[in-house]
Amino acid sequence: VVALSVASVSAMFLAGCSSDSGSGGGSGNIAFIQGVSGDEFYISMQCGIEAAAKDAGVTVDTQGPVKFDPTLQKPIVDSVVASRPSAILIAPTDVAAMQAPLEAASKAGIKVVLVDTTLEDPSIAVSSISSDNKGGGAEAFNAIERLSPAGGKVLVISTDPGVSTADARVEGFEEAVGANPAFDYLGVQYSHNDPAEAARLVSAALAKDPDITGIFAANTFAAEGTATGVRQAGKQDQVKIIGFDAGPAQVKQLREGTVQALIAQQPDTIGTDGVAQAMAAINDEPVTAEISTGFHVITADNIDGEGAQYVYKS
Ligand code: T6T
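All of the points below concern the structure found in this document. (Residues numbered from 1 in each chain as written. Predicted model: local features only at pLDDT ≥ 70, side-chain atom pairs only at ≥ 80, totals over all residues. Heavy atoms only, no water.)

Let us look at the site of the ligand. Close to the ligand lie Asp39, Phe41, Tyr42, Phe68, Asp116, Thr117, Thr165, Arg169, Asn219, Thr220, Asp245 and Gln265. Between the ligand and the protein, one listed contact pairs an oxygen atom with a side-chain N or O atom of asparagine 219 at 2.9 Å. Between aspartate 245 and the ligand, the recorded distance is 2.6 Å, taken from a side-chain N or O atom to an oxygen atom. Isolated, the ligand exposes 300 Å² of accessible area, and the fraction of that covered by the protein chains is 99%. (Near = heavy atom within 4 Å. Polar contact = N/O pair within 3.5 Å; in protein donor to acceptor, adjacent residues only side chain to side chain. Areas by Shrake-Rupley, 256 points an atom, 1.4 Å probe, with all protein chains shown as cover.)

The structure is reproduced here in structure tokens:
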């Protein structure tokens, strides 16, 4: 079962990565466990990790569950822990369910670095690196506010509760919308990281509240489905969509005008920072417990300029 649920790419460069880094004289091996395989966010992070690992002279083995699901990610962690790498870089798929498996890794002497998502108790990790997810959620509301200054009904489409990044984005959005009485917040709905489910939720929400003015889609897959739902309802001129993440499909939707802004992360930087922290821990050097890599807003106005550098690799 485990073998079928795992996509593994070992110590090789993906087509989308540039491979111009040198090779150092370090020793050790790093395991990178993605939140889900095939996601451009984690593919871009893998590029950063592999480039930094090559510089440090260490090998990387990357694996990810086929779904963003702790029941699929846990067996991967267990088997990686049994293989005793020097360090594990991981995006935990749930703050609670992945706590014990990663605590076991840490107790086994493996340096754990949390990249992207975190845990209820991140102190088992030597370092946690993530975007400013709460700030990005607040910025998503600011963008809706700029596009629809008169206010109106707004909705959030997220992934699943317990995904720390998406939960922080929703929290940031909720705090911001709560401060503007011109907006009527319809709440958050969970699409389980499935674009088809996100599209269904949006269609149903628009049937119930045909006057929705804005939707914040809290990650790649929520945004993809949200855009489909709005298009299918023929409401792309009325509903402003702000999506988190900047994969090629999101950029296409931005160019087409279905989506008005993207809150882009820097997954490759999260990856290179993650390797740097892992190497420091392996070499008994000081580590930084928490690193924020911020966020960048991409719009139709900057996508061909400074925004272009933040588009994810595929
Ligand atoms: O938004 C990213 C990531 O930050 C999040 O933790 C899970 O979903 C994505 O991987 C979607 O690309």
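Attention now goes to the sheet that holds strand S9 (residues 212-217). One open sheet holds the six strands; their spatial order is S8-S7-S9-S10-S11-S13, and the pairing between them is mixed. Only two strands of the sheet have a single partner each, and these edge strands are strand S8 (183-190) and strand S13 (296-299). When strand polarity is set aside, the average angle formed by the axes of neighbouring strands in this sheet is 20 degrees. As judged from the five bridges shared by strand S7 (residues 152-158) and S9, these two strands associate in the parallel manner. Bridged to valine 154 within S9 is glycine 214. The sheet strands contacting helix H5 (residues 164-178) are S7, S8, S9 and strand S10 (240-244), and the helix crosses S8 at an angle near 170 degrees. In the packing of helix H8 (residues 248-256) onto the sheet, the strands contacted are strand S11 (261-264) and S13, and the crossing angle to S11 comes to about 155 degrees. (Pairing = 2+ DSSP bridges. Helix = DSSP H or I, 4+ residues; strand = E, 2+ residues; numbered from the N terminus. Axes fitted to C-alpha atoms, helices over the stretch in contact; angles between N-to-C directions. Contact = heavy atoms within 4.5 Å.)

Let us look at the packing of helix H6 (residues 195-208) against helix H7 (residues 220-232). At a minimum axis separation of 7 Å, H6 and H7 run at an interaxial angle of 40 degrees. Classified by the angle between their axes, H6 and H7 sit oblique to one another. Crossing handedness for the pair H6 and H7: right-handed. Two secondary-structure elements touch here, H6 through Pro195, Ala198, Ala199, Val202, Ser203 and Leu206 and H7 through Phe221, Ala222, Glu224, Gly225, Thr226, Thr228, Gly229, Val230 and Gln232. (Parallel < 35°, antiparallel > 145°, perpendicular 65-115°, else oblique. Left-handed = near helix turned anticlockwise from the far one by under 90°.)

A few words on the packing of aromatic side chains. Taken as a whole and assessed by the stated rule, the structure comprises seven aromatic pairs. Their ring planes at 80 degrees and their centres at 4.9 Å tell us that phenylalanine 41 and tyrosine 42 sit as a pair that is edge-to-face. Judged by relative accessible area, phenylalanine 41 falls into the buried class, the value being 3%. Under the relative-accessibility criterion, tyrosine 42 is labelled buried at 2%. Ring-pair connections join several aromatic residues into one group, and the members of that group are Phe141, Phe173, Phe183, Tyr185, Phe216 and Phe244. Directly above the aromatic system of phenylalanine 244 lies the positively charged group of arginine 169, at a separation of 3.9 Å from the ring centroid. (Phe/Tyr/Trp six-rings, centres within 6.5 Å; stacked < 30°, edge-to-face > 60°. Buried < 20%, exposed > 50% of the residue type's maximum accessible area, 1.4 Å probe, protein only. Lys NZ or Arg CZ within 6 Å of the ring centre and 35° of its normal.)

Right, let's talk about the pattern of salt bridges for a bit. According to the stated counting rule, one finds ten salt bridges in the structure shown. In this structure, lysine 252 and glutamate 256 form a salt bridge, with 3.0 Å as the shortest nitrogen-oxygen distance. Of this pair, lysine 252 and glutamate 256 both sit in helix H8, separated by four residues, roughly a single helical turn. Classification of lysine 252 as exposed rests on a relative accessible area of 53%. (Salt bridge = Lys/Arg side-chain N within 4 Å of Asp/Glu carboxyl O.)

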